Amino acid sequence: MTLDQSIPVDAIQYDDRGLVPAIVQDYLDGTVLMMAWMNRESLQKTLETGDTWFWSRSRQELWHKGATSGHLQKVKSLRYDCDSDCLLIGVEQIGDIACHTGERSCFHRVNGSVEPPLADTLSQVFEVICDRRDHPAATSYTCQLFKGGDNKILKKIGEETAEVVMAFKDDEPEAIAGEVADLFYHTLVALAHHNVDLKAVYRKLQERRR
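A few points on the structure. These numbers were taken from a predicted model, which means no experiment stands behind them. (Residues numbered from 1 in each chain as written. Predicted model: local features only at pLDDT ≥ 70, side-chain atom pairs only at ≥ 80, totals over all residues. Heavy atoms only, no water.)

### Quick look at unusual backbone geometry
The phi torsion of most residues other than glycine is negative, and most of the peptide bonds are trans. Definition in use: Note on conventions: DSSP H or I runs of at least 4 residues are helices, E runs of at least 2 residues are strands, and numbering of each starts at the N terminus.
The residue Gln 60 is not glycine, and still its phi comes out positive at about 55°. Position of Gln 60 among the secondary structure elements: in the loop between β3 (53–56) and β4 (61–64). Here Asn 195, not a glycine, exhibits a phi torsion of approximately 55°, which is positive. Position of Asn 195 relative to the elements: it lies in the loop between α4 (173–193) and α5 (198–209).

### Some details on the pattern of salt bridges
Basically, it comes down to this: Any carboxyl oxygen of Asp or Glu within 4 Å of a side-chain nitrogen of Lys or Arg constitutes a salt bridge here.
One pass over the structure, following the stated rule, counts 14 salt bridges. Between Arg 104 and Asp 26 there is a salt bridge, with its nearest N and O atoms 2.9 Å apart. With Arg 104 in the loop between β6 (87–93) and β7 (109–110) and Asp 26 in strand β1 (residues 20–26), this pair connects stretches of sequence that are 78 residues apart. Two residues, Glu 160 and Lys 156, come together in a salt bridge whose shortest N-O distance is 3.6 Å. Taken as a pair, Glu 160 and Lys 156 lie in helix α3 (residues 141–170) at a separation of 4 residues, close to a single helical turn. Look at the salt bridges and you will find they share partners, linking Asp 26, Asp 29, Asp 96, Arg 104 and Lys 199 into a network.

This is how it looks when you write it as structure tokens:
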């Protein structure tokens, strides 16, 4: 993939070292994966190759993200802020690992513990649902749905769909939001039950968006 070459490499406001911070996020669910530094040359190579290239301040050299580990970053979008002094790069993270520690994101530390980074709301809910699937708890409604299998899960999707239709017919914004949230939730349970990653759905939507 070759990115839009019209990005003004020379118009970016580099600091006195010739560097600009680059924030990298998952292009599907918005998870912030890492922050690194770029200079003109690494930005140009990123635009030309479609992979992320950065400038290592410690080694004083260019580095191709994932060239050694195989965890490449395929660039899907590249933006710069209103002051032209910070970059935001949307990527497809190969292997779903961006951090050298093996974590998905470099931003995984919270009060000394390791926690998954925040993604969009649907992805967060889906992660909880998958955890309930893999670590059942008797008192969990989600686990009860999994225990009932397709018969119970799909019945609930049918019921929630009917309630969504009625909420729209009644034209009640609060009820519409609540019923659609219920439908989303039960659909996520069905995805988890059939081991379909939510990102697969996002990829389909991205394909159709284009």
